[in-house]
Amino acid sequence: MKSLIIIILFSFSITAFSQETEKGKIKIEELPGVVIKRVGTDFSVYIPDNNADQRVQVVEEKFIAYDLGKDAEGYEEYLVVMEVKNGSLTATYNEKGKLVRVVENFKNVRLPSEVIYSIYRTYPGWSIVNDSFLYTQEDGDVLKKQYNVKIKKDKEVVKLLVRPNGEILKAK
């Protein structure tokens, strides 16, 4: 009996020590957030942006927490609009309550470092004047995820279309 108790205590102490972690020893990789809502046999999928400005993340979190409930019953489409000072998130649901489309449009957001480095590397001496973030998703597929940035040098102004990874798609 004593040996059984000792073995049990010993096994608990080993598992307790194996769960101890020190900062920096475990590599934590952030996975993209996906929210799935079950609607009958279908799934509603919303993939929030990981590089978003803090203000954008607050709107996305409120949208994730939003519950349609029985509000959408009896309508072919149901539109949810969440607006803040610098932009909006608009979502469309079908008659079954399935999330069909999401459009996010925000102005003057905090740009990801990849976007900033890419712009200043390609356009040295220029300064960022204006920016906006456009994100569209349809049926769980991301269609657009881009930053529209206006840069200026002296009196010359250029509008850029930049992906979140820093790739400049278009300059006007």
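What counts, and where the lines are drawn
- Residues numbered from 1 in each chain as written.
- Predicted model: local features only at pLDDT ≥ 70, side-chain atom pairs only at ≥ 80, totals over all residues.
- Heavy atoms only, no water.
- Core = buried A, V, L, I, M, F, W, Y, C linked by side-chain atoms within 4.5 Å.
- Buried < 20%, exposed > 50% of the residue type's maximum accessible area, 1.4 Å probe, protein only.
- Helix = DSSP H or I, 4+ residues; strand = E, 2+ residues; numbered from the N terminus.
- Pairing = 2+ DSSP bridges.
- Axes fitted to C-alpha atoms, helices over the stretch in contact; angles between N-to-C directions.
- Contact = heavy atoms within 4.5 Å.
- Patch = residues over 30% accessible without salt bridge, like charges linked within 9 Å, V, L, I, M, F, W, Y side chains within 5 Å.
- Areas by Shrake-Rupley, 256 points an atom, 1.4 Å probe, with all protein chains shown as cover.
- Salt bridge = Lys/Arg side-chain N within 4 Å of Asp/Glu carboxyl O.
- Lys, Arg positive; Asp, Glu negative; His and termini not counted.
- Charge placed at Lys NZ, Arg CZ, Asp CG, Glu CD.
- Phe/Tyr/Trp six-rings, centres within 6.5 Å; stacked < 30°, edge-to-face > 60°.

- By the naming in an unreviewed UniProt entry, the chain is Nicotinate-nucleotide adenylyltransferase, taken from Flavobacterium petrolei.

A word on the nonpolar core
Now for step 1: Phe-63, Ala-91, Tyr-93 and Ile-151 are the most contacted members of the largest nonpolar core, which has 28 residues in total.
Now for step 2: At the level of secondary structure, the elements contributing two or more residues to this core comprise α2 (54-65), β3 (77-84), β4 (87-94), β5 (99-107), α3 (113-122), β6 (127-138), β7 (141-153) and β8 (156-162).

With respect to the sheet that holds strand β9 (residues 168-171)
Now for step 1: An order of β3-β4-β5-β6-β7-β8-β9 is seen for the 7 strands of this open sheet, with the pairing classed as antiparallel. At either end of the open sheet lies a strand with only one pairing partner, and these are β3 and β9. Within this sheet the neighbouring strands show an average axis-to-axis angle of 15°, counted without direction.
Now for step 2: Here β8 runs beside β9; their pairing, made up of 3 bridges, is antiparallel. Note on β9: the bridge partner recorded for Leu-160 is Ala-171.
Now for step 3: Against the sheet, α2 makes contact with β3, β4 and β5, and its axis sits at roughly 160° relative to β5, the strand it touches most.

Here's the deal with a positive patch on the surface
Now for step 1: On the surface, a cluster of positive charge is made up of Lys-144, Lys-159, Lys-170 and Lys-172.
Now for step 2: Structurally, Lys-144 is set in strand β7.

Description of the packing of aromatic side chains
Now for step 1: Taken as a whole and judged by the stated rule, the model has 4 aromatic pairs.
Now for step 2: Arranged with centres 5.0 Å apart and planes meeting at 80°, the rings of Tyr-46 and Phe-63 form a pair that is edge-to-face. Here Tyr-46 is found in strand β2 (residues 42-46), whereas its partner Phe-63 is found in helix α2, with 17 residues between them in sequence.
Now for step 3: Judged by relative accessible area, which is 1%, Phe-63 ranks as buried.

What to know about the pattern of salt bridges
Now for step 1: Using the criterion set out here, one finds 3 salt bridges in the structure.
Now for step 2: With a closest N to O distance of 3.1 Å, Arg-55 and Asp-53 form a salt bridge.
Now for step 3: Residue Arg-55 is classed as partly exposed on the basis of its relative accessible area of 41%.
Now for step 4: On the basis of relative accessibility, which here comes to 7%, the residue Asp-53 falls in the buried class.
Now for step 5: With a shortest N-O distance of 2.6 Å, Arg-101 and Glu-138 are connected by a salt bridge. Here the residue Arg-101 occupies a position in strand β5, and Glu-138 occupies one in strand β6, the gap between them amounting to 37 residues.
Now for step 6: Judged by its relative accessible area of 31%, Arg-101 is partly exposed.
Now for step 7: The exposure class of Glu-138 is partly exposed, given its relative accessible area of 32%.

A closer look at the side chain of Ser-88
Now for step 1: One can find Ser-88 in strand β4.
Now for step 2: The class of Ser-88 is buried, set by a relative accessible area of 18%.

Focus on the pairing of β5
Now for step 1: The pairing of β4 with β5 spans 7 bridges and is classified as antiparallel. By the bridge assignment, Ser-88 is partnered in β5 with Asn-105.
Now for step 2: Bridge count for β5 against β6 is 7 bridges, and the pairing is antiparallel. Considered in β6, the bridge of Glu-104 is made with Tyr-135.

A few points about the environment of Asn-86
Now for step 1: Topologically, Asn-86 is positioned in the loop between β3 and β4.
Now for step 2: When the C-alpha positions of Asn-86 and Asn-108 are compared, they lie 6.9 Å apart, and in sequence the two are 22 residues distant.
Now for step 3: For Asn-86, the contacting residues outside a window of four places in its chain are Arg-55, Asn-105, Phe-106, Lys-107 and Val-109.

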